[in-house]
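What follows is the residue order along each chain.
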Amino acid sequence: MEIRLNGESRFIDQVTKMSVAGLLEMEQVSSPEMVAVQLNGEIVDRGTYHHTMIVDRNEVDFLYFMAGG
């Protein structure tokens, strides 16, 4: 499967689809509760991360929110 993750092409071997939660885990995101996920231009509801599937040619962005001043 090939996806675009944060604007870069990524190949995921021997997988035809993966959940958003699975991708967060595979990418070793240390604080997934602090990340919003955009799939093909739409924000994914955090409660559906385990059920929302990413398939070949999808575009995924991890949006990190930072506090600052």
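Draft legend 1. Representation of the pairing of strand 1 (residues 2-5) within the structure. Examined bridge by bridge, strand 1 and strand 2 (residues 8-11) share four bridges and lie antiparallel to one another. By the bridge assignment for strand 2, Ile3 is matched with Arg10. Hairpin connection, strand 1 to strand 2: the antiparallel pair is bridged by two residues, and Asn6 has positive phi, about 50°. By the bridge criterion, two bridges tie strand 1 to strand 7 (residues 59-64) in an arrangement that is parallel.

Draft legend 2. Structural context of the nonpolar core. Ile3, Leu23, Leu24, Val37, Val60 and Phe62 are the most contacted members of the largest nonpolar core, which totals 18 residues. When residues of this core are traced back to their parent elements, those giving at least two are strand 1, helix 1 (20-26), strand 4 (35-39) and strand 7. Ranked by the residues each element gives to this core, the list is headed by helix 1, at four residues. Not counting chain neighbours up to four residues away, the residues in contact with Val60 comprise Ile3, Arg4, Leu5, Asn6, Leu23, Val37, Gln38, Leu39 and Ile54.

Draft legend 3. Structural context of the environment of Met66. Its place among the elements puts Met66 in the segment after strand 7. Residue Met66 is classed as exposed on the basis of its relative accessible area of 73%. A C-alpha to C-alpha distance of 9.9 Å links Met66 and Val35, two positions 31 residues apart in sequence.

What counts and how
Residues numbered from 1 in each chain as written. Predicted model: local features only at pLDDT ≥ 70, side-chain atom pairs only at ≥ 80, totals over all residues. Heavy atoms only, no water. Pairing = 2+ DSSP bridges. Helix = DSSP H or I, 4+ residues; strand = E, 2+ residues; numbered from the N terminus. Core = buried A, V, L, I, M, F, W, Y, C linked by side-chain atoms within 4.5 Å. Buried < 20%, exposed > 50% of the residue type's maximum accessible area, 1.4 Å probe, protein only. Contact = heavy atoms within 4.5 Å.

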